[in-house]
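Breakdown of the fold
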Amino acid sequence: MQTLQNFIGGQLSESHSGRTSAIYNPATGEQIREVVLSSPAETAEAVSIADKAFSSWSKTSPLKRARVMFKFKALLENNIDKLARMISEEHGKVYSDAVGEVTRGLEVVEFACGIPHLQKGEHSANVGSGVDSHSLMQPLGVCVGITPFNFPAMVPMWMFPIALATGNTFVLKPSEKDPSASLFLAELLKEAELPDGVFNVINGDKEAVDTLLTDPRVQAVSFVGSTPIAEYIYQTASAHGKRCQALGGAKNHCVLMPDADIDMAASAIMGAAYGAAGERCMALSVAVVVGDETGDKLVEKLKQQISQMRVGPGICDKETQENDMGPVISSVHQDKICQYISSGESEGAIVLVDGRDFKVQGYEQGYFVGPTLLDQVSPTMKVYQEEIFGPVLCVVRVTDYQEAIQLINDHEYGNGSAIFTRDGDTARQFGEEVQTGMVGVNVPIPVPMAFHSFGGWKRSIFGPLNMHGNDGVRFYTRMKTITSRWPTGVRMEHHDSSFVMPTM
Ligand code: NAD
């Protein structure tokens with residue numbers, strides 16, 4: 001059994017903690033390897049190495065750092081197939097979806113290649129007589145990333161490309177469920193000539209995380225995961241004086257207006273609800289349908305399309321057509337999703353398509369849950385209120401637009417939302433009123449591109465700055481504003497002290 005180790009100071013580093021966690025192939029239910037769970041001392045050692053590397057890396061020119069990013073980008077492109085297979089094997093998502101995830105991560109690397117421009121700061125000449133002012137965007141020091149299982153390559157790449165390009169050093173603590181991609185990314189960064197110690201991977205669980213959150217040398221913490229942990233991370237990191245952005249869970253709604261193109265909307269909702277087995281923070285888990293007639297049309301179309309879905313392992317033989325949806329991450333999660341479906345049923349939802357007891361031939365031990373469709377869901381039900389993170393779509397029927405928007409705005413999560421309509425005015429009003437951080441108009445998964453920023457509202461985020469884009473650059477830099485005057489110039493008129501607030 002292969003044991004995955006840490007990557008510290010530019011090389012693999014063996015853990016002696018004596019603790020490990022099993023990694024499974026969710027399609028077969030077999031254990032395929034294990035990963036070390038590092039001790040506090042080993043975690044502190046990774047921070048120490050990153051801290052030492054900071055003094056020289058932070059002083060390299062932005063151009064040099066950008067060139068490392070350009071090399072890394074080329075290496076990613078050459079290794080996209082290998083990475084996608086690695087992700088699919090440990091996570092379960094289908095191969096093409098894994099390629100999509102790597103591509104979205106790679107786009108942040110492309111953004112980071114522009115760091116000489118992004119990190120320029122501002123300059124004003126003559127803010128006072130003979131006085132100039134300019135700002136520096138300086139790196140923070142050791143930054144930490146703690147990432148979830150559902151995007152083992154993309155979410156780390158929301159963080160470290162910008163952190164490294166701005167001159168920070170980084171310690172990544174990936175999910176213990178699928179850490180291979182992170183270790184491989186560390187190898188690619190080394191091949192891209194990133195100096196040793198600038199990027200490190202520490203594998204572990206709460207013990208490693210708590211060490212990172214409290215180590216005084218760590219300056220900033222980026223977290224993505226479930227809301228209870230995000231809240232804990234934000235509070236602990238903040239209490240220890242660190243800058244923190246912690247992105248949490250979601251319950252993404254779409255509103256289907258009676259004037260929408262229902263065929264287009266149904267196909268869009270299918271992909272957004274069941275893609276990656278619903279294990280996306282931007283997955284659509286609630287369709288709010290305005291009017292019963294619209295609702296009846298939608299559920300008929302969804303039922304028909306669900307019946308044609310191919311569910312099976314993420315990687316198929318060359319001869320076999322790729323599946324639309326793979327398994328969920330673990331048997332524990334599989335049971336939890338099935339319990340949610342049962343709770344919806346017992347609270348009065350109608351199970352139109354039931355994914356419990358779903359078996360894939362030849363993969364009977366795999367963690368599969370079939371695509372599930374619940375109709376007549378009401379806001380008081382647990383399936384409506386909580387994040388399920390599985391292939392379960394809830395249909396809530398409302399009478400008008402006002403009721404729909406109220407429902408979304410009353411929900412504790414505020415990650416993404418979407419509206420399907422042909423009416424520009426309704427779409428515009430929705431964009432203005434809805435209390436979510438990312439909004440789609442006839443677009444089911446409105447994930448912002450790398451040069452914009454990703455983040456929700458309400459209990460889907462803790463901390464003021466979103467991931468990547470300009471917010472990412474702001475998060476990983478500290479601004480310093482220098483105001484200067486030169487005494488030898490011909491324009492200096494007097495040298496008297498001034499005791500009032502300078503107004504230039
Ligand atoms: P998780 O919260 O269980 O784990 C995330 C990370 O936190 C992992 O690295 C894990 O090892 C660590 N962790 C877990 N328990 C901890 C504890 N008690 N103390 C300290 N660290 C701990 O999340 P997950 O199951 O890996 O991922 C799924 C969740 O992530 C979903 O809720 C999903 O919505 C969310 N997510 C959110 C976004 C977003 O952008 N908002 C993106 C992806 C995933």
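Being a predicted model, the structure only gives us computed values, none of them experimental.

Quick notes on the pattern of salt bridges
This model, assessed by the stated rule, comprises 29 salt bridges. For Glu 193, the salt bridge goes to Lys 71, with nearest N and O atoms at 3.4 Å. One end of the pair, Glu 193, is in the loop between α7 (180-191) and β10 (199-201); the other, Lys 71, is in helix α2 (residues 62-78), with 122 residues separating them in the sequence. Look at Glu 193 and you get exposed, because its relative accessible area is 53%. A residue is classified by how much of its surface remains accessible, and Lys 71, at 38% relative accessible area, is partly exposed.

Here's the deal with the nonpolar core
Counting 67 residues, the largest nonpolar core has Phe 72, Trp 158, Phe 170 and Phe 199 as the members making the most contacts within it. Considering each element in turn, this core owes the most residues, 10 residues, to helix α6 (residues 154-165). Residues from two domains meet in this core; each of domain 1 (3-248 + 460-482) and domain 2 (252-441) gives at least three. The contact partners of Phe 170, leaving out residues within four places of it in the chain, are Cys 143, Val 144, Gly 145, Met 159, Phe 160, Ala 163, Leu 164, Val 198, Phe 199, Asn 200 and Tyr 476. Membership of the second largest hydrophobic core comes to 64 residues, among which are Ile 269, Val 290, Val 395 and Val 434.

Describing the domain arrangement of the protein
Domains assigned within the protein are domain 1 (3-248 + 460-482) and domain 2 (252-441). Using only C-alpha atoms to locate each centre, domain 1 and domain 2 end up separated by 31 Å. Domain 1 puts 23 residues into the contact, and the matching count from domain 2 is 24 residues. Carbon and sulfur atoms make up 60% of the area that domain 1 and domain 2 hide from each other, which totals about 1,900 Å². For domain 1, the biggest contributors to the area lost against domain 2 are Ala 27, Val 94 and Ser 460; these three give 26% of the whole.

Observations regarding the pairing of strand β6 (residues 123-128)
Summarising the sheet, β6 and strand β7 (residues 131-139) pair through 3 bridges and their orientation is antiparallel. Residue pairing for β7: Ser 124 is matched across the bridge by Ser 133.

Points about the site of the ligand
The local shell around the ligand holds 25 residues, among which Lys 173, Glu 176, Ser 226, Gly 248 and Glu 387 are the closest. Between the ligand and Thr 147, the relevant distance is 2.8 Å, taken from an oxygen atom to a main-chain nitrogen or oxygen of the residue. Contact between the ligand and Glu 176: an oxygen atom at 2.6 Å from a side-chain N or O atom of the residue. Notes on the ligand: free accessible area 840 Å², of which the protein chains cover 88%. Listed by contribution, the elements that provide at least two residues to the shell around the ligand are α8 (206-214) and β11 (218-224). Residues belonging to the shell around the ligand are distributed by class as follows: 13 nonpolar, 8 polar and 4 charged.

A few points about unusual backbone geometry
With phi around 55°, Asn 126 is a residue other than glycine that occupies positive phi space. As for its placement among the helices and strands, Asn 126 is situated in strand β6. A positive phi angle, close to 55°, is found at Ala 276, a residue other than glycine. Mapped onto the secondary structure, Ala 276 falls in the loop between α10 (262-274) and β14 (284-290).

Re the UniProt feature "domain: Aldehyde dehydrogenase" (unreviewed entry) in the protein
In this numbering, the UniProt entry assigns the feature "domain: Aldehyde dehydrogenase" (unreviewed entry) to residues 16-482. The span residues 16-482 carries 41% helix and 22% strand; its end-to-end C-alpha distance comes to 48 Å.

Topic: the packing of α2 against α7
As a packed pair, α2 and α7 sit with axes 8 Å apart at the nearest point and diverge in direction by 130°. With respect to each other, α2 and α7 are oriented oblique. By crossing handedness, the relation of α2 to α7 is classed as right-handed. Taking contact as the criterion, the partners of Met 69, Phe 72, Leu 75 and Leu 76 in α2 are, on α7, Leu 185, Leu 188, Leu 189 and Glu 191.

Some remarks on the sheet that holds strand β23 (residues 477-485)
Sheet architecture is open: 3 strands sit in the order β6-β7-β23, paired in antiparallel fashion. Taken across any chain shown, the strands that pair with only one partner, and hence form the sheet edges, are β6 and β23. This sheet shows a mean twist of 30° between the axes of neighbouring strands, independent of strand direction.

A word on the side chain of Thr 236
Looking at the secondary structure, you find Thr 236 in helix α9 (residues 227-239). From its side chain, Thr 236 meets the backbone oxygen of Tyr 232 in a polar contact 2.7 Å long.

Reading the values: rules and limits
Residues numbered from 1 in each chain as written. Predicted model: local features only at pLDDT ≥ 70, side-chain atom pairs only at ≥ 80, totals over all residues. Heavy atoms only, no water. Salt bridge = Lys/Arg side-chain N within 4 Å of Asp/Glu carboxyl O. Helix = DSSP H or I, 4+ residues; strand = E, 2+ residues; numbered from the N terminus. Buried < 20%, exposed > 50% of the residue type's maximum accessible area, 1.4 Å probe, protein only. Core = buried A, V, L, I, M, F, W, Y, C linked by side-chain atoms within 4.5 Å. Domains from an automatic or database assignment. Contact = heavy atoms within 4.5 Å. Buried area = accessible area lost by both parts, 1.4 Å probe. Pairing = 2+ DSSP bridges. Near = heavy atom within 4 Å. Polar contact = N/O pair within 3.5 Å; in protein donor to acceptor, adjacent residues only side chain to side chain. Areas by Shrake-Rupley, 256 points an atom, 1.4 Å probe, with all protein chains shown as cover. Nonpolar A, V, L, I, M, F, W, Y, C, P; charged D, E, K, R; others polar. UniProt positions renumbered as here; feature names shortened; annotations may be inferred. Axes fitted to C-alpha atoms, helices over the stretch in contact; angles between N-to-C directions. Parallel < 35°, antiparallel > 145°, perpendicular 65-115°, else oblique. Left-handed = near helix turned anticlockwise from the far one by under 90°.

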